[in-house]
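Each chain, letter by letter, is given below.
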Amino acid sequence: MKLRFTKMQGAGNDFVVLDATRAPLDLSPGQYRHLADRRFGIGADQILIVGPSPAPGVDFSYRIVNADGGEVEQCGNGARCFAKFVHERGLTDKRAIRVQTLSGVIEPSLQDDGRVTVDMGEPVFEPGRVPFDAQGLVPRPVGDHVQWPLELDGTTVYVAVASMGNPHAVQRVDDVDTAPVAQQGPMIESHPRFPRRVNAGFMQVVARGHIRLRVHERGAGETLACGTGACAAVACGIRLGWLDARVDVDTRGGRLTIEWAGPGHTVRMTGPAVTVFEGEIEL
Ligand SMILES: N[C@H](CCC[C@H](N)C(=O)O)C(=O)O
């Protein structure tokens, strides 16, 4: 079958976006993997499937599938690209759009400068809800948060854990450029203490309002940017006492700005969303 798609990127995190607002699309994990394949398919970190409104008061739904074919709960850079997509295709004339995801309703809004701001909801830190199995571990209190020791093949790293709808484990490093992302990323992603696996963040604190971040993503490997990873890193960094309420996050693919006023508040993320090309693929 012929499948029309739109290729988009948000700070270098790239997506194949499929319009399922008029007709349902149900591809297999193998077909999603093929679309994401950078040699035999189109190439992308994630596939986004945009669907019609699932309920009154919500404008659209959108599903996220990682390059490995697994469906996941949330995607921050994808949310910005979703908003640009529905606007550019005339599927809505709203600038603030409510969209249902597996982990709840989020609200991207298009800014005058072309960037998109998304209310990403509240971060969750309770280990059992990340989910992270903290059984038998002694946490290290830092600020008003904790870091957990994670045994990685002989070395111990200390991570803060948080969920933005999807799971994140964030560690502080001196320099992201020399951080062991390639070695530790896959070990953290599949560590047995994360029953749903996890996105592994490596954060360098440049100043209280500025970090550099690399993320080895669950189901996709290291991406040039991870929106939910930036939200999780900043929320943990604020609670650990290292960051202020507004932080510029420099990723390898571009800059995101994250704001969080602390527990009881939602996290707001602002960043770019760009359509690269449209095409059609024979599936
Ligand atoms: N790899 C993530 C999904 C995509 C998140 C990322 N691309 C973002 O911008 O938040 C996970 O398995 O939870």
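Residues numbered from 1 in each chain as written. Predicted model: local features only at pLDDT ≥ 70, side-chain atom pairs only at ≥ 80, totals over all residues. Heavy atoms only, no water.

Describe the site of the ligand, and please don't skip the residues or the numbers.
Near the ligand there are 15 residues, and of these Asn13, Glu217, Arg218, Gly227 and Thr228 occur at the shortest range. At 2.9 Å from an oxygen atom of the ligand is found a side-chain nitrogen or oxygen belonging to Asn66. In the complex, the protein chains occlude 100% of the 360 Å² of accessible area that the ligand would expose alone. When atoms are counted within 2 Å of each cavity's grid points, the one that captures over half of the ligand is the largest cavity. Sorting the residues of the shell around the ligand by element identifies helix H2 (76–88) and helix H4 (227–239) as the ones contributing at least two each. Looking at the shell around the ligand residue by residue, the class counts come to three nonpolar, 10 polar and two charged. Split by domain, the residues of the shell around the ligand number at least three in each of domain 1 (2–117 + 272–282) and domain 2 (127–265). (Near = heavy atom within 4 Å. Polar contact = N/O pair within 3.5 Å; in protein donor to acceptor, adjacent residues only side chain to side chain. Areas by Shrake-Rupley, 256 points an atom, 1.4 Å probe, with all protein chains shown as cover. 1 Å grid on protein atoms, 1.4 Å probe; cavity = no way out; pocket = protein on both sides within 12 Å on 5 of 7 lines; lining within 4 Å. Sits in = over half its atoms within 2 Å of the grid points. Helix = DSSP H or I, 4+ residues; strand = E, 2+ residues; numbered from the N terminus. Nonpolar A, V, L, I, M, F, W, Y, C, P; charged D, E, K, R; others polar. Domains from an automatic or database assignment.)

Any chance you could break down empty space enclosed by the protein for me, citing the residues and the numbers?
For the structure on display, the rule yields three cavities of 30 Å³ or more. Its boundaries defined by the atoms lining it, the largest cavity holds a volume of some 100 Å³. Gln46, Gln74, Asn166, Glu217 and Thr228 are the residues nearest the centre of the largest cavity, which is lined by 15 residues in total. Broken down by secondary-structure element, the contributors of at least two residues to the lining of the largest cavity are strand E4 (60–66) and H4. Of the residues belonging to the lining of the largest cavity, the class tally is four nonpolar, nine polar and two charged. (Points joined across faces, edges and corners; volume = space filled by probe spheres on them.)

If you had to explain the pairing of strand E2 (residues 13–19) to someone new, which residues and values would you point to?
Counting buried residues in E2 gives six out of seven residues, a clear majority hidden from the surface. Bridge analysis of strand E1 (residues 2–10) against E2 gives five bridges, and the strand direction is antiparallel. Along E2, the bridge assignment pairs Thr6 with Val17. The antiparallel hairpin formed by E1 and E2 contains two residues in its connecting segment, where Ala11 sits at a positive phi of about 55°. With five bridges joining them, E2 and strand E3 (residues 46–51) adopt parallel strand pairing. Opposite Val16, over in E3, you have Ile47 as the bridge partner. One crossover worth recording links E2 to the parallel E3 by way of helix H1 (residues 29–36), and it is right-handed. (Buried < 20%, exposed > 50% of the residue type's maximum accessible area, 1.4 Å probe, protein only. Pairing = 2+ DSSP bridges. Right-handed = clockwise from strand over helix to strand, strands pointing away.)

Mind laying out the state of the cysteines, listing which residues take part and the relevant values?
Following the criterion strictly, the structure yields zero disulfides and no others. Considering cysteine sulfurs only, Cys75 is the nearest to Cys81, which forms no disulfide, with 8.0 Å between them. Judged by its relative accessible area of 0%, Cys81 is buried. (Disulfide = S-S within 2.5 Å.)

Can you lay out the layout of surface pockets for me, pointing to particular residues and giving the numbers?
Its volume calculated, the largest pocket comes out at about 170 Å³. Lining the largest pocket are 13 residues, with Ser103, Met120, Glu122, Met164 and Gly165 sitting closest to its centre. The element that contributes the greatest number of residues to the lining of the largest pocket is strand E7 (residues 104–110), accounting for three residues. Broken down by class, the residue content of the lining of the largest pocket amounts to five nonpolar, six polar and two charged. Residue contributions to the lining of the largest pocket reach at least three from each of two domains, namely domain 1 (2–117 + 272–282) and domain 2 (127–265).

Can you tell me about the UniProt feature "binding site: substrate" (unreviewed entry) in the protein, naming the residues and giving the values?
Following the UniProt record, one finds the feature "binding site: substrate" (unreviewed entry) at Asn13, Gln46, Asn66, Gly76, Asn77, Asn166, Asn199, Glu217, Arg218, Gly227 and Thr228. Of the annotated set, the members that line the largest cavity are Asn13, Gln46, Asn66, Gly76, Asn166, Asn199, Glu217, Arg218, Gly227 and Thr228. If you trace the backbone, Gly76 turns up in helix H2. Judged by relative accessible area, Gly76 falls into the buried class, the value being 0%. In this structure Gly76 touches Met120, Gly227, Thr228 and Met269, once residues within four positions along its chain are discounted. By relative accessible area, Arg218 is classed as buried at 5%. Look past the residues within four positions of Arg218 in its chain and what remains in contact with it is Asn66, Val72, Glu73, Asn166, Pro167, Glu189, Arg196, Arg197, Val198 and Asn199. (UniProt positions renumbered as here; feature names shortened; annotations may be inferred. Contact = heavy atoms within 4.5 Å.)

So, the packing of aromatic side chains: which residues are in play, and what are the values?
Applying the stated criterion across every chain yields a total of six aromatic pairs. Relative to Phe82, the ring of Tyr62 lies with its centre 5.5 Å away and its plane at 20°, an arrangement referred to as stacked. Of this pair, Tyr62 sits in strand E4 while Phe82 is found in helix H2, placing the two residues 20 residues apart along the sequence. When sorted by exposure, Tyr62 lands in the same class as Phe82, which is buried. Measuring from centroid to centroid gives 5.8 Å for Phe125 and Trp260, while their planes differ by 50°, and the two rings are tilted. On the criterion of sequence distance, the pair formed by Phe125 in the loop between strand E8 (116–119) and strand E9 (140–142) and Trp260 in strand E17 (residues 254–260) is long-range, its members being 135 residues apart. You can call Trp260 buried: its relative accessible area is 2%. (Phe/Tyr/Trp six-rings, centres within 6.5 Å; stacked < 30°, edge-to-face > 60°.)

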